[in-house]
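Secondary and tertiary structure notes
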Amino acid sequence: MMFRMQQRMNTIKYAALEITLIILGVLTAIQANNWNESRKYKNVQLKFLHSLKSELNADLTLIENKRDSFQRLNTLLTDAHTLLHKDEINQEEKNTISSAISIFPILTPINKNVERNNNLISTGIIENDHLNLMVLKYYETIKYTAEVQTKFGETLQVLYVNQISPLVKFNYLLGKSIEFSLKEIQSSPLFINALDLSFGYRKQALLFLKDQKEMAEKLMELIDQEILYSL
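Keep in mind it's a predicted model, so treat the numbers as computed, not measured.

**A short note on the nonpolar core**
- Counting residues in each nonpolar core, the largest one holds 57 residues, and the members touching the most others are Ile97, Ile101 and Tyr138.
- Elements supplying a minimum of two residues to this core: α1 (2-83), α2 (91-103), α4 (129-164), β2 (178-180), α5 (182-186) and α6 (189-230).
- Considering each element in turn, this core owes the most residues, 16 residues, to α6.
- Setting aside chain neighbours within four positions, we find Ile101 in contact with Tyr160, Ile164, Val168, Ile178, Phe180 and Phe191.

Rendered as structure tokens:
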């Protein structure tokens, strides 16, 4: 009797041990699967951060090119504005004013799709809340400044038609770009104000670009920190 009871107890122990091992095996498999899935998602997050950093690098190049362009245009406008205070100008100076008139309405913003990452960002692919907020703020800033610059550009187009064009003559077919009377444009407050507005709008655009550059550089620093932390 005692032998049978002992045998039964051993059978129960073996069964319990086997069940325990099976449960541990299942739990280990689940944990390994969860770890594997977590690692896969972490790789997706890192890939997104690297992609975001590349995007910011491209943005910085665009920003610098646009800043250089706007600064050159505003330098030309400044030179032309100075020449308008002279009683007489030579051909080279006349060409400077003609060039300033030609570039007067140029104020194209940086065209960037700021919503292409919205779906990924909304899923929480950026775990760092501060970094996530900074990315969204960066996109909002670019979107806002592009809208403002577009309005500025539309205003300059209207000014060009109403206050600049009536005082100049376009002779492209004759090989000459623009002809004008120095005295006429000097005596036109509307013409002078239009040049000032063109300069002012572009100066504001340069300030926008400066802010965007600083934000992009700061974002790249935060992304580098997040990438190092995730490794």
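Right, picking up where we left off after that structure.
**Overview of the packing of α4 against α6**
- Following both chains from N to C, one finds α4 and α6 inclined at 165°, their axes separated by 10 Å at the closest point. In terms of axis orientation, α4 runs roughly antiparallel to α6. In the packing of α4 onto α6, the handedness of the crossing is left-handed.
- Here the residues of the contact of α4 with α6 sort into 22 nonpolar, nine polar and four charged.

**Concerning the side chain of Glu93**
- Here Glu93 shows up in helix α2.
- Taking the relative accessible area as the measure of exposure, Glu93 reaches 17% and is therefore buried.
- A distance of 2.7 Å separates a polar atom in the side chain of Glu93 from a polar atom in the side chain of Lys86.

**Observations regarding the environment of Ile142**
- As for its position among the elements, Ile142 is in helix α4.
- You can call Ile142 buried: its relative accessible area is 5%.
- Separated by 66 residues in the primary sequence, Ile142 and Phe208 have C-alpha atoms spaced 8.5 Å apart.
- Among residues more than four places away in sequence, those in contact with Ile142 are Asp59, Lys112, Val114 and Gln212.

**Points about empty space enclosed by the protein**
- Evaluation of the coordinates by the stated rule reveals two cavities of 30 Å³ or more.
- There is about 60 Å³ of room inside the largest cavity.
- Around the largest cavity sit Lys42, Gln45, Leu49, Ile125, Ile126, Glu127, Glu226 and Ser230, which together line it.
- Those elements giving two or more residues to the lining of the largest cavity turn out to be α1 and α6.
- Looking at the lining of the largest cavity, the element that brings in the most residues is α1, giving three residues.
- Among the residues forming the lining of the largest cavity, the class breakdown is three nonpolar, two polar and three charged.
- Looking at the lining of the second largest cavity, the elements that each hand over two or more residues are α4 and α6.
- Partitioned by chemical class, the residues of the lining of the second largest cavity number five nonpolar, three polar and no charged.

Reading the values: the criteria
- Residues numbered from 1 in each chain as written.
- Predicted model: local features only at pLDDT ≥ 70, side-chain atom pairs only at ≥ 80, totals over all residues.
- Heavy atoms only, no water.
- Core = buried A, V, L, I, M, F, W, Y, C linked by side-chain atoms within 4.5 Å.
- Buried < 20%, exposed > 50% of the residue type's maximum accessible area, 1.4 Å probe, protein only.
- Helix = DSSP H or I, 4+ residues; strand = E, 2+ residues; numbered from the N terminus.
- Contact = heavy atoms within 4.5 Å.
- Axes fitted to C-alpha atoms, helices over the stretch in contact; angles between N-to-C directions.
- Parallel < 35°, antiparallel > 145°, perpendicular 65-115°, else oblique.
- Left-handed = near helix turned anticlockwise from the far one by under 90°.
- Nonpolar A, V, L, I, M, F, W, Y, C, P; charged D, E, K, R; others polar.
- Polar contact = N/O pair within 3.5 Å; in protein donor to acceptor, adjacent residues only side chain to side chain.
- 1 Å grid on protein atoms, 1.4 Å probe; cavity = no way out; pocket = protein on both sides within 12 Å on 5 of 7 lines; lining within 4 Å.
- Points joined across faces, edges and corners; volume = space filled by probe spheres on them.

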